Amino acid sequence: MEKEKWANWTSPVEFLLLGVSDVPRLQVPLFLLSLVIYMVTMFGNILIVVLVLADRHLHTPMYVFLGNFSSVEICYTSTILPRLLASFLTGDETISAQGCKIQFFFFGCFAGTECYLLAAMSYDRYLAICQPLLYASLMNWKVSFQLAVGSWLAGLLMATIVTGLSYKLRFCVPNRIDHFFCDFAPLLELACSDTRMLRLVTFIVCFLDVVFPFVVTLVSYICVIAAILRIPTTMGRQKAFSTCSSHLTMVTVFYGTLIIVYMIPRTASLRQLNKTLSFFYTILTPMVNPLLYSLRNREVKGALGKALRKTVACIESWYCL
Ligand SMILES: *[C@@H]1O[C@H](CO)[C@@H](O)[C@H](O)[C@H]1NC(C)=O
């Protein structure tokens, strides 16, 4: 029998990210597809951040949250997609232990922040729609600032705890991660040391990071929908519902897949499903969110139009000088 070799986090181990190029024939199409997805995601989210920062009409709590949300999405996709693109391009599936750790630290950090920001955004909508008279006093500049900063800190804190604990892990060689990025759950599977304690802590952290904001988001949306149903005219109801339903769909897809992947134990039969579901919350939602949350929105469209006209005017005057 071959003796298992041990490797510590700190020793120079490498991990193999499987599932990056299972099928070599697909490598080029997958590269192009990911590149397009990455560019669309970046473009949409950067556009929103620039608009929110540049247009003074958008300096309200709702848009400050949205700007922060898009900033998180930019960072979040950038922890996964560039690495994936490089793997598709070079066919190199290895990632160093250090790289792996850094990837899951930042991924955890931004994912946590995103969950809390989603909760803050839905709470903001709940106050605006269900408590319109109290809105101005309950959601003032200070509260929105605290919620936004708190979201970033919460993500950072959770990621630090989990990453810190992971230093205790010992790995058996060979290290094959059956996933397209260094996520925590597939890493735990590879560990040869006892992971019970770590699993428990991770479960609690995931609960605070994902389930708690999810419940806040859900309750806020239920109140919003109940308020919408009370609108007397069918027209008004449909209009309010159309924006709300797209948010709700995206929130459900994002949290639903996150919860399935992180809260349900990874068994061999669920692993492939997990990999597929991970695609939704890591790659799909950041791409679609800017469209759903803002570009369909009248104020954002107005700001965009104004910015475009200004740019055109600027270029024209520059040519005429
Ligand atoms: C994020 O939130 C902070 C605090 O409210 C705010 O000052 C900042 O402008 C926001 N960022 C964006 C891009 O909107």
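Structure shown above.
A quick note: this is a predicted structure, and the numbers were derived from the prediction, not measured.

### Here's the deal with the overall build of the protein chain
Okay, step 1: Within the protein chain one finds 10 helices and 5 strands.
Okay, step 2: Compactness check: the protein chain gives a C-alpha radius of gyration of 22 Å against a globular reference of 20 Å for 321 residues, within 12% of the reference.
Okay, step 3: For the protein chain, the spread of C-alpha atoms along the three principal axes comes to 75 × 50 × 35 Å.
Okay, step 4: For the protein chain, the proportion of its 321 residues judged to be buried stands at 45%.
Okay, step 5: Here the analysis covers contacts within the protein chain between residues at least 6 apart in sequence; of these, 79% occur between residues at least 24 apart.
Okay, step 6: Surface exposure of the protein chain reaches about 16,900 Å², of which carbon and sulfur atoms provide 71%.
Okay, step 7: If you average the places of the 25 positive and of the 17 negative side-chain charges in the protein chain, the two averages end up 8 Å apart.

### Concerning helix α5 (residues 141-166)
Note on helix geometry: an α-helix contains 3.6 residues per turn, so any two residues three or four positions apart are oriented the same way.
Okay, step 1: End to end, α5 covers 38 Å across 26 residues, agreeing with the expected 38 Å (1.5 Å per residue, within 8%).
Okay, step 2: Within α5 the residues assigned to the buried category are Ser144, Ala148, Ser151, Ala154, Gly155, Met158, Ala159, Val162, Thr163 and Ser166.
Okay, step 3: Contacts made by the buried residues of α5 are with α2 (61-90), α3 (97-130), α6 (184-190) and α7 (196-229).

### Thoughts on the state of the cysteines
Okay, step 1: Under the counting rule described, the total for this entry stands at 1 disulfide.
Okay, step 2: Two residues share a disulfide in this structure: cysteine 100 and cysteine 182, whose sulfurs sit 2.0 Å from each other. Taking the sign of the torsion about the S-S bond as the criterion, the disulfide between cysteine 100 and cysteine 182, at about -105°, is left-handed. Separated by 82 residues along the polypeptide, cysteine 100 in helix α3 and cysteine 182 in the loop between β5 (176-177) and α6 bring together distant segments of the chain.
Okay, step 3: Of the residues examined, cysteine 182 reaches a relative accessible area of 0% and is grouped as buried.
Okay, step 4: Lacking any disulfide linkage, cysteine 223 is separated from the closest cysteine sulfur, that of cysteine 130, by 5.4 Å.
Okay, step 5: Residue classification places cysteine 223 among the partly exposed positions, given a relative accessible area of 28%.

### Concerning the site of the ligand
Okay, step 1: Close to the ligand lie Val49, Val52, Leu53, Val64, Gly67, Asn68, Ser71, Phe145 and Ala148.
Okay, step 2: Separating an oxygen atom of the ligand from a side-chain N or O atom of asparagine 68 is a distance of 2.3 Å.
Okay, step 3: Bound to the protein, the ligand loses 74% of the 360 Å² it would expose on its own.
Okay, step 4: Mapped onto the shell around the ligand, the elements with two or more residues apiece are α1 (27-54), α2 and α5.
Okay, step 5: Take the shell around the ligand: its biggest share by element is 4 residues, from α2.
Okay, step 6: Class assignment of the residues belonging to the shell around the ligand gives a composition of 6 nonpolar, 3 polar and no charged.

### Let's talk about the pairing of strand β2 (residues 14-17)
Consecutive side chains along a regular strand alternate between the two faces of the sheet.
Okay, step 1: Burial along β2 is one-sided: the face carrying Phe15 and Leu17 is buried and the face carrying Glu14 and Leu16 is not.
Okay, step 2: Bridging between β2 and strand β3 (residues 94-96) involves 3 bridges; their strand directions are antiparallel. Within β3, the residue paired with glutamate 14 across the bridge is serine 96.
Okay, step 3: Of the pairings in the sheet, the one linking β2 to β5 comprises 2 bridges and is parallel in character. Across the sheet, residue leucine 17 finds its bridge partner in β5, namely isoleucine 177.

### Things to note about the environment of phenylalanine 214
Okay, step 1: Counting through the fold element by element, phenylalanine 214 comes out in helix α7.
Okay, step 2: Counting along the chain gives 38 residues from phenylalanine 214 to threonine 252, while the straight-line C-alpha distance between them is 8.9 Å.
Okay, step 3: Apart from the residues lying within four places of it in its own chain, the contact partners of phenylalanine 214 are Tyr255 and Ile259.

### Regarding the environment of cysteine 192
Okay, step 1: Mapped onto the elements of the fold, cysteine 192 is located in the loop between α6 and α7.
Okay, step 2: Using a relative accessible area of 26% as the deciding quantity, one classes cysteine 192 as partly exposed.
Okay, step 3: Each C-alpha atom of the pair cysteine 192 and cysteine 172 lies 5.7 Å from the other, and the pair is 20 residues apart in sequence.

What counts, and at which threshold
Residues numbered from 1 in each chain as written. Predicted model: local features only at pLDDT ≥ 70, side-chain atom pairs only at ≥ 80, totals over all residues. Heavy atoms only, no water. Helix = DSSP H or I, 4+ residues; strand = E, 2+ residues; numbered from the N terminus. Rg over C-alpha atoms; globule rule 2.2 N^0.38 Å. Buried < 20%, exposed > 50% of the residue type's maximum accessible area, 1.4 Å probe, protein only. Contact = heavy atoms within 4.5 Å. Areas by Shrake-Rupley, 256 points an atom, 1.4 Å probe, with all protein chains shown as cover. Lys, Arg positive; Asp, Glu negative; His and termini not counted. Charge placed at Lys NZ, Arg CZ, Asp CG, Glu CD. Expected span 1.5 Å × (residues − 1). Disulfide = S-S within 2.5 Å. Near = heavy atom within 4 Å. Polar contact = N/O pair within 3.5 Å; in protein donor to acceptor, adjacent residues only side chain to side chain. Nonpolar A, V, L, I, M, F, W, Y, C, P; charged D, E, K, R; others polar. Pairing = 2+ DSSP bridges.

Function-wise, these values are silent; they only describe arrangement.
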